[in-house]
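Below are the chains, spelled out letter by letter.
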Amino acid sequence: MTAAAMDGEPAAGTAGADLAKPPVNEPREPEQFLMQAPQGNPLLLSHTLQELLSKDSVQVELIPEKKGLFLKHVEYEVSSKRFKCSVYRRYNDFVVFHEMLLQKFPYRMVPALPPKRMLGADREFIESRRRALKRFINLVARHPPFSEDVLLKLFLSFSGSDVQNKLRELVQGVGDEFMTCRLATQAKDFLPADIQAQFAASRELIRNIYNSFYKLRDRAERIASRAIENASDLLIFGKELRVEHCLSPLSALGSDTTPLPSWAALNNSTWGTLKQALKGLSVEFALLADKAVQQGKQEENDVVEKLNLFLDLLQSYKDLCERHEKGVLHKHQRALHKYSMMKKQMMSATVQNKEPESVEQLESRIVEQENAILTMELRNYFSLYCLHQETQLIHIYLPLTSHILGAFVNSQIQGHKEMSKVWNELKPKLSCLFVGSSNMPTPPLSPPEGNFFSN
């Protein structure tokens, strides 16, 4: 929901004594950032993807659970490369930080937080939420206005125990970005004449991009999961060949001690040779399993997780568009409707020759409503101004997709290359599995010769 503008002077800094060292440059107000854009039109952004990514790299790691009176509380160690410090944060700290960002920057892309902890949350849920919190804080830390705001600095470097109150104090009485940006009332002058048409087209384009990459992310997840499942199967396959593994009569062919029946005595050397050869194969299968796990984990981190980050960014844009329509635009329309009703009442009062005092009160209310409409119009244009910049930001991030796809291709090439090497090392050992009639090892048949299903 779009935050209403608040009056009052900016609150004085309250976290200076508790901020982690070394000190960093003082954050600038959002309006100062907007003036960094190319001279002539501050609407245009000049950032590159590399510049955004290099703003900060924030790690979010789980720390051992602490038992409360009733529930175990999950804490996170949040480490910022930019501020060169680590702080401990609870999920509720992220919630308050998120709320303050929305209150101060209602017309910007504020990424959504993962859901709250449910009863019976397992390790998988906790790890999934950790990853989501990491994506959230990195998107915020690299967002141009957010990265220069004192809210981010406090969240990433304040080491006191009352971070939530400190965050609220920074926003209290300051007003949102519309109130603090000196360009807010001039936003209309920088917007293109067809801004509404551009907004509709951009919204549709980004919706389509989101839908396509959502499907790609799902497929990438399945590919990574299959690699890990393949590793499990290879490991079990190898254990069945291992000498030490003899938990059941069906396990460990290489250690099988079942005596041969008399009718197989003529070929007893075949089974003995086979058992000896089977003993040495489990090492390669364990190595194959390890390679498959590495490939699956790499694709989870370099492909799936980065696709999730890109999707989080696109979702925040979709949420922003919805806030624009349901927030300032809707309020503007309601104000216009209320103004129209007041004008009708004024005309009716004039025709009916009502008391001068009631007419004056109505005139005063109409003036107030005109001022409210003017403010709503200015907010609407500033919202479109911010939307235009956020759309540019999305397009700055688009090249990230080529890096993600490149990481996927490289992972597949490297994974298949490494596993192929192990398979090739394993192949010569198969020549000892069977012995021909001359008691000499017979290499495995080639596919054409070994096609048992040909007619």
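Residues numbered from 1 in each chain as written. Predicted model: local features only at pLDDT ≥ 70, side-chain atom pairs only at ≥ 80, totals over all residues. Heavy atoms only, no water.

Peer 1: Describe in detail the overall build of the protein, supporting the description with residues and values.
Peer 2: On a plain count of helices and strands, the protein comes out with 14 helices and three strands. Burial analysis of the protein (455 residues in total) assigns 41% to the buried set. Nonlocal contacts in the protein, meaning residues at least 24 apart in sequence, comprise 76% of its contacts between residues at least 6 apart. Approximately 25,700 Å² of the protein is accessible, and the part contributed by carbon and sulfur atoms is 56%. (Helix = DSSP H or I, 4+ residues; strand = E, 2+ residues; numbered from the N terminus. Buried < 20%, exposed > 50% of the residue type's maximum accessible area, 1.4 Å probe, protein only. Contact = heavy atoms within 4.5 Å. Areas by Shrake-Rupley, 256 points an atom, 1.4 Å probe, with all protein chains shown as cover.)

Peer 1: Account for the packing of aromatic side chains, with residues named and values stated.
Peer 2: Considering all chains together, one arrives at 14 aromatic pairs under this definition. Centre to centre, the rings of Phe94 and Phe155 are 5.0 Å apart; their planes meet at 70 degrees, and the pair counts as edge-to-face. Of the two residues, Phe94 is situated in helix H3 (residues 91-104) and Phe155 in helix H6 (residues 150-157); the sequence distance between them amounts to 61 residues. An identical accessibility class is assigned to Phe94 and Phe155; each is buried. Three or more aromatic residues joined by ring pairs make a cluster, and in this case those are Tyr76, Phe94, Phe97, Phe136 and Phe155. Over the face of the ring belonging to Tyr91 we find Arg129, whose NZ or CZ atom lies 4.5 Å from the ring centre. (Phe/Tyr/Trp six-rings, centres within 6.5 Å; stacked < 30°, edge-to-face > 60°. Lys NZ or Arg CZ within 6 Å of the ring centre and 35° of its normal.)

Peer 1: Go over the confidence of the model for the protein, please, and point to the residues and values.
Peer 2: Confidence in the prediction of the protein, expressed as mean pLDDT, is 79, and 66% of residues score 70 or more. With pLDDT under 50 throughout, residues 1-38 is counted as low confidence; its partners more than four residues away or in other chains account for 86 contacts. Counted against residues more than four places away or in other chains, residues 243-251, with its pLDDT under 50, gives twelve contacts. (pLDDT = per-residue confidence, 0-100.)

Peer 1: So what about empty space enclosed by the protein? Which residues, and what values?
Peer 2: Enumeration according to the criterion identifies two cavities of 30 Å³ or more in this entry. Taken as a whole, the largest cavity encloses approximately 50 Å³ of empty space. Forming the walls of the largest cavity are Met109, Pro111, Leu139, His143, Leu313, Ser316, Leu393 and Tyr397. Taken together, the residues of the lining of the largest cavity break down into six nonpolar, two polar and no charged. (1 Å grid on protein atoms, 1.4 Å probe; cavity = no way out; pocket = protein on both sides within 12 Å on 5 of 7 lines; lining within 4 Å. Points joined across faces, edges and corners; volume = space filled by probe spheres on them. Nonpolar A, V, L, I, M, F, W, Y, C, P; charged D, E, K, R; others polar.)

Peer 1: Explain the pattern of salt bridges to me, and be specific about the residues and the numbers.
Peer 2: Per the stated rule, a full pass over the model turns up 19 salt bridges. For the salt bridge of Glu221 with Arg217, the shortest nitrogen-to-oxygen distance reads 4.0 Å. Linking Glu221 with Arg217, this pair stays in helix H10 (residues 195-239), spanning four residues, or about one helical turn. Ionic pairing is found between Glu418 and Lys291, a salt bridge with its closest N-O pair at 3.6 Å. Note that Glu418 is positioned in helix H14 (residues 400-426) and Lys291 in helix H12 (residues 282-351), a separation of 127 residues in sequence. Exposure remark for Lys291: the relative accessible area of 21% places this residue in the partly exposed category. Where salt bridges share partners, they join Glu61, Glu127, Arg130, Arg131, Arg135, Glu305 and Asp312 into one cluster. (Salt bridge = Lys/Arg side-chain N within 4 Å of Asp/Glu carboxyl O.)

Peer 1: Explain the environment of Leu400 residue by residue, including any values.
Peer 2: Turning to its location among the elements, Leu400 is positioned in helix H14. Leu400 gets classed as buried once you look at its relative accessible area, which sits at 9%. The spacing of Leu400 and Phe310 is 90 residues in sequence and 7.9 Å in space, taken between C-alpha atoms. If near-sequence neighbours (up to four positions away) are discounted, Leu400 is found in contact with Leu49 and Leu309.

Peer 1: Can you tell me about the packing of H3 against H6, naming the residues and giving the values?
Peer 2: Taken N-terminus to C-terminus, the directions of H3 and H6 make an angle of 175 degrees; their axes are 11 Å apart at the nearest point. Accordingly, the angle class assigned to the pair H3 and H6 is roughly antiparallel. Facing Asp93, Phe94, Phe97, Met100, Leu101 and Lys104 of H3, the residues of H6 in contact are Val150, Leu151, Leu152 and Phe155. Looking at the contact of H3 with H6 residue by residue, the class counts come to eight nonpolar, no polar and two charged. (Axes fitted to C-alpha atoms, helices over the stretch in contact; angles between N-to-C directions. Parallel < 35°, antiparallel > 145°, perpendicular 65-115°, else oblique.)

Peer 1: Quick one: what's the story with the environment of Glu61, residue by residue and with numbers?
Peer 2: Along the chain, the position of Glu61 falls in strand S1 (residues 58-67). A sequence separation of 15 residues divides Glu61 from Tyr76, and the C-alpha atoms of the two residues are 5.4 Å apart. Once you skip the residues sitting within four places of it in the chain, Glu61 turns out to touch Glu75, Tyr76, Glu77 and Arg130.

Peer 1: So what about helix H7 (residues 163-171)? Which residues, and what values?
Peer 2: Restricting attention to buried positions, one finds in H7 the residues Val163, Lys166, Leu167, Leu170 and Val171. The buried side chains of H7 occupy one side of the element, clustering within an arc of 135 degrees when seen end-on. Buried-residue contacts for H7 involve strand S3 (85-90), H3 and H6. (Arc of directions from axis to C-beta.)

Peer 1: How would you summarise the layout of surface pockets if you had to cite specific residues and measurements?
Peer 2: One number sums up the size of the largest pocket: a volume of about 700 Å³. The wall of the largest pocket is formed by 30 residues, among which Ser128, Arg135, Glu221, Glu305 and Asn308 lie closest to the centre. Looking at the lining of the largest pocket, the elements that each hand over two or more residues are helix H4 (123-141), H10 and H12. Its residues assigned to classes, the lining of the largest pocket shows 14 nonpolar, five polar and eleven charged.

Peer 1: Outline the nonpolar core, supporting the account with residue identities and numerical values.
Peer 2: Side chains of a nonpolar character, in soluble globular proteins, are inclined to be buried together. Counting 44 residues, the largest nonpolar core has Phe382, Tyr385 and Tyr397 as the members making the most contacts within it. Elements with a minimum of two residues in this core: helix H2 (49-53), helix H9 (187-190), H10, H12, helix H13 (356-397) and H14. In terms of residues, this core owes the most to one element, H12, which gives eleven residues. Not counting residues up to four positions away in its chain, the partners in contact with Phe382 are Tyr107, Glu177, Phe178, Cys181, Ala184 and Ala187. Membership of the second largest hydrophobic core comes to 36 residues, among which are Cys85, Phe97, Leu154 and Val171. (Core = buried A, V, L, I, M, F, W, Y, C linked by side-chain atoms within 4.5 Å.)

Peer 1: Hey, could you go over unusual backbone geometry for me, with residue numbers and the actual values?
Peer 2: One non-glycine residue, Lys84, adopts positive backbone phi at about 55 degrees. Among the structural elements, Lys84 can be located in the loop between strand S2 (72-80) and S3.

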